[in-house]
Amino acid sequence: HIIYAAGGELFLKVNESVRNSNIRLSLGSLGNFFILYNFDKVYNREEGDNIIFNIIQLILGLYMLVAVQQTRGFTFAVVLSLAVMILVSSEKQMQSIQNMVLLGVVTFNLIQSGAIEQFFSSLKVNLDTGDTTLVRLNAIEYYLGEFLKNPLFGHGIITEANPISRGPLGIYHYTDVGVFAGLARYGLFMIPIYLWPIWRLGKLAIHMLRKRRLRKRNALIFGLLVYLLGTSISLSILDVFRIFLLPFVLAIIAYTEREVCYET
(Lines give C-alpha, C1' and ligand atoms only; values in the text may rest on other atoms or scores of the structure.)
Protein backbone atom coordinates (compact mmCIF):
# COMPACT_ATOMS: atom_id res chain seq x y z
CA HIS A 1 0.00 0.00 0.00
CA ILE A 2 2.78 2.43 0.95
CA ILE A 3 4.88 1.59 -2.10
CA TYR A 4 1.88 2.04 -4.41
CA ALA A 5 0.97 5.37 -2.80
CA ALA A 6 4.52 6.61 -3.24
CA GLY A 7 5.17 5.59 -6.83
CA GLY A 8 2.20 3.76 -8.28
CA GLU A 9 4.11 0.46 -8.37
CA LEU A 10 2.76 -2.93 -7.31
CA PHE A 11 4.90 -5.04 -5.00
CA LEU A 12 4.58 -8.84 -5.10
CA LYS A 13 1.70 -10.73 -6.72
CA VAL A 14 -1.53 -9.65 -5.04
CA ASN A 15 -5.19 -9.51 -6.02
CA GLU A 16 -5.57 -5.78 -6.07
CA SER A 17 -7.99 -3.11 -7.14
CA VAL A 18 -7.83 0.67 -6.91
CA ARG A 19 -10.27 2.93 -5.06
CA ASN A 20 -9.82 6.61 -4.17
CA SER A 21 -6.50 6.60 -6.06
CA ASN A 22 -5.08 4.04 -3.64
CA ILE A 23 -4.49 0.33 -3.87
CA ARG A 24 -7.19 -1.68 -2.15
CA LEU A 25 -6.29 -4.92 -0.35
CA SER A 26 -8.37 -7.25 1.79
CA LEU A 27 -7.45 -7.94 5.42
CA GLY A 28 -8.26 -11.59 4.80
CA SER A 29 -10.14 -13.90 7.15
CA LEU A 30 -8.56 -12.79 10.45
CA GLY A 31 -7.46 -9.17 9.97
CA ASN A 32 -10.75 -7.50 10.91
CA PHE A 33 -11.23 -9.78 13.91
CA PHE A 34 -7.78 -8.96 15.25
CA ILE A 35 -8.72 -5.27 15.38
CA LEU A 36 -11.34 -6.28 17.95
CA TYR A 37 -8.88 -8.56 19.75
CA ASN A 38 -6.14 -5.93 20.02
CA PHE A 39 -8.66 -3.27 21.08
CA ASP A 40 -9.86 -5.56 23.88
CA LYS A 41 -6.28 -6.18 25.03
CA VAL A 42 -5.60 -2.42 25.12
CA TYR A 43 -8.91 -1.06 26.46
CA ASN A 44 -9.45 -3.82 29.02
CA ARG A 45 -5.83 -4.41 29.95
CA GLU A 46 -5.08 -6.09 33.23
CA GLU A 47 -2.37 -5.18 35.70
CA GLY A 48 1.01 -6.38 34.53
CA ASP A 49 0.05 -6.67 30.84
CA ASN A 50 2.61 -5.45 28.32
CA ILE A 51 0.34 -3.98 25.66
CA ILE A 52 2.85 -2.07 23.49
CA PHE A 53 2.60 -4.73 20.78
CA ASN A 54 -1.22 -4.65 20.90
CA ILE A 55 -1.26 -0.83 20.63
CA ILE A 56 0.94 -0.95 17.53
CA GLN A 57 -1.20 -3.69 15.99
CA LEU A 58 -4.42 -1.80 16.81
CA ILE A 59 -3.19 1.40 15.16
CA LEU A 60 -2.01 -0.52 12.09
CA GLY A 61 -5.28 -2.48 11.95
CA LEU A 62 -7.47 0.62 12.07
CA TYR A 63 -5.38 2.33 9.41
CA MET A 64 -5.60 -0.73 7.17
CA LEU A 65 -9.34 -1.00 7.77
CA VAL A 66 -10.02 2.54 6.55
CA ALA A 67 -7.21 3.33 4.11
CA VAL A 68 -6.20 -0.04 2.65
CA GLN A 69 -9.20 -2.37 2.77
CA GLN A 70 -11.74 0.41 2.02
CA THR A 71 -14.79 -1.84 2.39
CA ARG A 72 -17.95 -0.19 3.76
CA GLY A 73 -19.41 -3.38 5.18
CA PHE A 74 -16.32 -4.27 7.20
CA THR A 75 -15.79 -0.70 8.39
CA PHE A 76 -19.40 -0.52 9.62
CA ALA A 77 -19.22 -3.93 11.37
CA VAL A 78 -15.87 -3.25 13.08
CA VAL A 79 -16.79 0.28 14.25
CA LEU A 80 -20.13 -0.95 15.62
CA SER A 81 -18.39 -3.84 17.38
CA LEU A 82 -15.86 -1.49 18.99
CA ALA A 83 -18.68 0.79 20.17
CA VAL A 84 -20.47 -2.12 21.86
CA MET A 85 -17.22 -3.32 23.44
CA ILE A 86 -16.68 0.15 24.91
CA LEU A 87 -20.22 0.20 26.33
CA VAL A 88 -19.91 -3.17 28.09
CA SER A 89 -16.36 -2.56 29.38
CA SER A 90 -17.29 -1.20 32.78
CA GLU A 91 -17.43 -2.61 36.29
CA LYS A 92 -18.67 0.54 37.99
CA GLN A 93 -21.42 3.04 37.22
CA MET A 94 -18.92 5.87 36.76
CA GLN A 95 -17.03 3.81 34.16
CA SER A 96 -20.29 3.26 32.29
CA ILE A 97 -20.92 7.02 32.23
CA GLN A 98 -17.36 7.66 31.03
CA ASN A 99 -17.74 5.09 28.24
CA MET A 100 -21.03 6.62 27.08
CA VAL A 101 -19.49 10.10 27.08
CA LEU A 102 -16.55 8.80 25.05
CA LEU A 103 -18.87 7.26 22.46
CA GLY A 104 -20.94 10.44 22.36
CA VAL A 105 -17.86 12.57 21.66
CA VAL A 106 -16.64 10.22 18.91
CA THR A 107 -20.10 10.07 17.30
CA PHE A 108 -20.46 13.86 17.41
CA ASN A 109 -17.09 14.33 15.70
CA LEU A 110 -17.98 11.78 13.02
CA ILE A 111 -21.26 13.59 12.34
CA GLN A 112 -19.51 16.96 12.22
CA SER A 113 -16.89 15.65 9.81
CA GLY A 114 -19.60 14.36 7.46
CA ALA A 115 -18.20 10.82 7.58
CA ILE A 116 -21.48 9.23 8.67
CA GLU A 117 -23.53 11.12 6.08
CA GLN A 118 -21.06 10.12 3.38
CA PHE A 119 -21.19 6.49 4.46
CA PHE A 120 -24.98 6.21 4.32
CA SER A 121 -25.26 8.19 1.09
CA SER A 122 -22.98 5.59 -0.52
CA LEU A 123 -25.61 2.94 0.27
CA LYS A 124 -28.42 4.65 -1.62
CA VAL A 125 -29.85 2.71 -4.54
CA ASN A 126 -29.14 4.08 -7.98
CA LEU A 127 -31.39 2.83 -10.78
CA ASP A 128 -28.32 2.42 -12.96
CA THR A 129 -27.95 -1.34 -13.63
CA GLY A 130 -24.28 -1.16 -12.64
CA ASP A 131 -25.04 0.20 -9.17
CA THR A 132 -23.60 -2.23 -6.62
CA THR A 133 -26.41 -1.73 -4.09
CA LEU A 134 -29.05 -2.51 -6.73
CA VAL A 135 -27.08 -5.58 -7.86
CA ARG A 136 -26.99 -6.84 -4.27
CA LEU A 137 -30.74 -6.35 -3.83
CA ASN A 138 -31.39 -8.33 -7.01
CA ALA A 139 -28.95 -10.99 -5.84
CA ILE A 140 -30.84 -11.35 -2.54
CA GLU A 141 -34.09 -11.89 -4.46
CA TYR A 142 -32.42 -14.50 -6.69
CA TYR A 143 -30.76 -16.44 -3.85
CA LEU A 144 -33.92 -16.53 -1.74
CA GLY A 145 -35.75 -17.95 -4.75
CA GLU A 146 -33.03 -20.59 -5.15
CA PHE A 147 -33.34 -21.52 -1.47
CA LEU A 148 -37.10 -21.98 -1.75
CA LYS A 149 -36.57 -24.31 -4.73
CA ASN A 150 -34.47 -26.66 -2.60
CA PRO A 151 -34.58 -25.62 1.07
CA LEU A 152 -32.83 -28.72 2.40
CA PHE A 153 -29.61 -28.82 0.36
CA GLY A 154 -29.65 -25.51 -1.53
CA HIS A 155 -27.23 -25.48 -4.44
CA GLY A 156 -25.29 -28.36 -2.95
CA ILE A 157 -21.66 -28.96 -3.85
CA ILE A 158 -20.96 -26.57 -6.71
CA THR A 159 -18.12 -24.12 -7.30
CA GLU A 160 -18.53 -20.37 -7.54
CA ALA A 161 -17.67 -20.68 -11.23
CA ASN A 162 -20.90 -22.61 -11.82
CA PRO A 163 -23.44 -20.45 -13.73
CA ILE A 164 -26.13 -21.31 -11.16
CA SER A 165 -24.15 -19.53 -8.42
CA ARG A 166 -23.80 -16.36 -10.51
CA GLY A 167 -27.48 -15.92 -11.39
CA PRO A 168 -29.16 -15.30 -14.76
CA LEU A 169 -27.06 -12.19 -15.47
CA GLY A 170 -23.81 -13.82 -14.36
CA ILE A 171 -23.00 -10.92 -11.99
CA TYR A 172 -24.09 -12.21 -8.58
CA HIS A 173 -21.59 -13.47 -5.99
CA TYR A 174 -22.05 -15.58 -2.88
CA THR A 175 -19.65 -13.26 -1.07
CA ASP A 176 -21.80 -10.15 -1.57
CA VAL A 177 -25.03 -11.03 0.23
CA GLY A 178 -24.09 -13.03 3.31
CA VAL A 179 -26.75 -15.23 4.84
CA PHE A 180 -29.03 -14.93 1.81
CA ALA A 181 -26.38 -16.56 -0.35
CA GLY A 182 -25.69 -18.98 2.50
CA LEU A 183 -29.29 -20.20 2.42
CA ALA A 184 -29.08 -20.76 -1.34
CA ARG A 185 -25.70 -22.43 -1.02
CA TYR A 186 -26.14 -24.67 2.05
CA GLY A 187 -29.92 -24.83 2.51
CA LEU A 188 -31.06 -25.56 6.04
CA PHE A 189 -27.59 -26.91 6.83
CA MET A 190 -26.64 -23.27 7.34
CA ILE A 191 -28.31 -23.48 10.76
CA PRO A 192 -25.60 -25.65 12.42
CA ILE A 193 -22.83 -24.01 10.40
CA TYR A 194 -23.62 -20.37 11.11
CA LEU A 195 -26.74 -19.71 13.16
CA TRP A 196 -25.79 -22.10 15.97
CA PRO A 197 -22.54 -20.26 16.82
CA ILE A 198 -24.39 -16.92 16.74
CA TRP A 199 -27.05 -18.33 19.07
CA ARG A 200 -24.35 -19.52 21.50
CA LEU A 201 -22.66 -16.10 21.41
CA GLY A 202 -26.00 -14.41 22.04
CA LYS A 203 -26.74 -16.72 24.95
CA LEU A 204 -23.33 -15.94 26.49
CA ALA A 205 -23.79 -12.20 25.97
CA ILE A 206 -27.23 -12.16 27.63
CA HIS A 207 -25.88 -14.14 30.60
CA MET A 208 -22.89 -11.83 31.07
CA LEU A 209 -24.97 -8.64 30.78
CA ARG A 210 -26.27 -9.41 34.26
CA LYS A 211 -22.77 -9.82 35.73
CA ARG A 212 -20.42 -6.83 35.50
CA ARG A 213 -17.31 -8.80 36.50
CA LEU A 214 -17.82 -11.16 33.55
CA ARG A 215 -18.93 -8.49 31.10
CA LYS A 216 -15.76 -6.38 31.12
CA ARG A 217 -13.43 -9.38 31.08
CA ASN A 218 -15.25 -10.92 28.11
CA ALA A 219 -16.00 -7.79 26.08
CA LEU A 220 -14.58 -9.59 23.05
CA ILE A 221 -17.62 -11.93 23.07
CA PHE A 222 -19.93 -8.94 22.62
CA GLY A 223 -17.73 -7.52 19.88
CA LEU A 224 -17.58 -10.87 18.09
CA LEU A 225 -21.37 -11.26 18.24
CA VAL A 226 -21.94 -7.78 16.78
CA TYR A 227 -19.27 -8.40 14.14
CA LEU A 228 -20.92 -11.62 12.94
CA LEU A 229 -24.36 -9.99 12.90
CA GLY A 230 -22.98 -6.90 11.18
CA THR A 231 -21.42 -8.96 8.40
CA SER A 232 -24.42 -11.28 7.99
CA ILE A 233 -25.94 -9.23 5.18
CA SER A 234 -22.68 -9.09 3.25
CA LEU A 235 -19.11 -10.37 3.63
CA SER A 236 -20.04 -13.10 6.12
CA ILE A 237 -17.63 -15.79 7.29
CA LEU A 238 -19.57 -18.37 5.26
CA ASP A 239 -17.52 -17.86 2.11
CA VAL A 240 -14.22 -19.46 1.24
CA PHE A 241 -12.24 -16.24 1.75
CA ARG A 242 -13.26 -15.77 5.38
CA ILE A 243 -14.44 -19.12 6.76
CA PHE A 244 -11.01 -19.70 8.34
CA LEU A 245 -12.26 -17.44 11.15
CA LEU A 246 -15.07 -19.88 12.03
CA PRO A 247 -12.95 -22.44 13.98
CA PHE A 248 -11.47 -19.56 15.99
CA VAL A 249 -15.00 -18.38 16.80
CA LEU A 250 -15.99 -21.87 17.95
CA ALA A 251 -12.85 -22.16 20.10
CA ILE A 252 -13.46 -18.76 21.75
CA ILE A 253 -17.09 -19.71 22.46
CA ALA A 254 -16.10 -23.06 24.00
CA TYR A 255 -13.39 -21.48 26.17
CA THR A 256 -15.66 -18.66 27.38
CA GLU A 257 -18.58 -21.02 28.11
CA ARG A 258 -16.28 -23.11 30.28
CA GLU A 259 -14.96 -20.07 32.13
CA VAL A 260 -18.42 -18.59 32.68
CA CYS A 261 -19.70 -21.97 33.90
CA TYR A 262 -16.96 -22.10 36.57
CA GLU A 263 -17.60 -18.47 37.56
CA THR A 264 -21.30 -19.18 38.01
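Everything here concerns the structure above.
Bear in mind the structure is a predicted one, so any value in this text is a computation, not a measurement. Note that residues are indexed from 1 along each chain, following the sequence as it is written. This being a predicted model, a pLDDT of at least 70 is required before a residue's local features are given, and a value of 80 or more before pairs of side-chain atoms are given or counted; all residues contribute to the totals for chains, interfaces and linings. Working from all heavy atoms in the structure, the side-chain values ignore hydrogens and water.

## Some points on the overall build of the protein
Stated precisely, the cut-off is as follows: Helix and strand definitions here come from DSSP, where helices need a minimum of 4 consecutive H or I residues and strands a minimum of 2 consecutive E residues; each element is numbered from the N-terminal end. Burial classification: accessible surface area is computed with a 1.4 Å probe over protein chains only, and a residue below 20% of its type maximum counts as buried, one above 50% as exposed, and the rest as partly exposed. By definition, residues are in contact when any of their heavy atoms lie within 4.5 Å. All accessibility values rest on the Shrake-Rupley procedure with a 1.4 Å probe; residue burial counts only the protein chains present in the view.
On a plain count of helices and strands, the protein comes out with 13 helices and two strands. Relative to its 264 residues, the protein shows a buried fraction of 39%. Considering only intrachain contacts with a sequence separation of at least 6, the fraction spanning at least 24 residues in the protein is 66%. Counting only carbon and sulfur atoms, one obtains 65% of the accessible surface of the protein, whose full area is about 15400 Å².

## Considerations on helix 12 (residues 219–230)
Selection rule: In a helix, the anticipated span is given by 1.5 Å times the number of residues less one.
Spanning twelve residues, helix 12 covers 16 Å between terminal C-alpha atoms, matching the ideal 16 Å at 1.5 Å per step. Along helix 12, ten of the twelve residues are buried, which leaves the element largely enclosed by surrounding structure. When we look at burial in helix 12, the residues that qualify are Ala219, Leu220, Ile221, Phe222, Gly223, Leu224, Leu225, Val226, Tyr227 and Leu228.

## Some points on unusual backbone geometry
Not every positive phi belongs to a glycine, and glutamine 70 is a case in point at roughly 55°. Positive phi, close to 60°, is recorded for leucine 235, a residue that is not glycine. Position of leucine 235 relative to the elements: it lies in the loop between helix 12 and helix 13 (245–263). We classify leucine 235 as buried; its relative accessible area is 11%.

## Description of the environment of glycine 154
With respect to the helices and strands, glycine 154 occurs in the loop between helix 7 (132–149) and helix 8 (163–166). For glycine 154, a relative accessible area of 10% puts it in the buried group. Separated by ten residues in sequence, glycine 154 and leucine 144 have C-alpha atoms that sit 10.0 Å apart. Excluding anything up to four places from it in sequence, glycine 154 contacts Leu183, Ala184, Arg185, Tyr186 and Gly187.

## Some thoughts on the side chain of threonine 256
Structurally, the position occupied by threonine 256 is in helix 13. Classification of threonine 256 as buried rests on a relative accessible area of 4%. In contact with threonine 256, other than residues within four places in its own chain, are Leu204, Asn218 and Ile221.

## Quick word on the packing of aromatic side chains
To keep it simple, the criterion reads: To pair, rings of Phe, Tyr and Trp, with the six-membered ring standing in for Trp, must have centres within 6.5 Å; the planes then decide the type, stacked if under 30 degrees apart, edge-to-face if over 60, and tilted in the middle.
All chains considered together, the criterion is met by eight aromatic pairs. On the numbers, 5.4 Å between centres and 65° between planes, the contact of phenylalanine 33 with phenylalanine 34 is edge-to-face. In this structure phenylalanine 34 comes out as partly exposed when scored by relative accessible area, which is 35%. Every member of this aromatic cluster is reached through a ring pair, and the members are Tyr142, Tyr143, Tyr172 and Tyr174.

## A look at the nonpolar core
Filter applied, for reference: Grouping buried Ala, Val, Leu, Ile, Met, Phe, Trp, Tyr and Cys residues that are joined through side-chain atoms within 4.5 Å yields what is termed a nonpolar core.
Counting 44 residues, the largest nonpolar core has Tyr194, Leu201, Tyr227 and Leu228 as its most contacted members. Residue contacts for tyrosine 227: discarding those within four places in its chain leaves Asn32, Leu36, Phe74, Ala77, Val78, Ser81 and Leu245.

## Digging into the packing of helix 2 (residues 31–43) against helix 12
Which entries qualify depends on this criterion: Note on geometry: axes are C-alpha line fits, over the in-contact stretch for helices, and angles between N-to-C directions span 0 to 180 degrees. Roughly parallel here means an angle under 35 degrees, roughly antiparallel means over 145, roughly perpendicular means 65 to 115, and every remaining angle is called oblique. Here is the rule for handedness: rotate from the far helix to the near one, and if that takes an anticlockwise turn smaller than a right angle the crossing is left-handed, while a clockwise turn gives right-handed. Note that Gly is not counted as nonpolar here; it falls among the polar residues with everything else outside the nonpolar set of Ala, Val, Leu, Ile, Met, Phe, Trp, Tyr, Cys and Pro and the charged set of Asp, Glu, Lys and Arg.
It is at 10 Å that the axes of helix 2 and helix 12 come closest, and there the two elements cross at 155°. One way to sum up the angle between helix 2 and helix 12 is to call them roughly antiparallel. When you trace helix 2 past helix 12, the crossing you get is right-handed. Between helix 2 and helix 12, the residues in contact are Asn32, Phe33, Leu36, Tyr37 and Asp40 and Ala219, Leu220, Gly223, Leu224 and Tyr227, respectively. A class-by-class count of the residues in the contact of helix 2 with helix 12 yields seven nonpolar, two polar and one charged.

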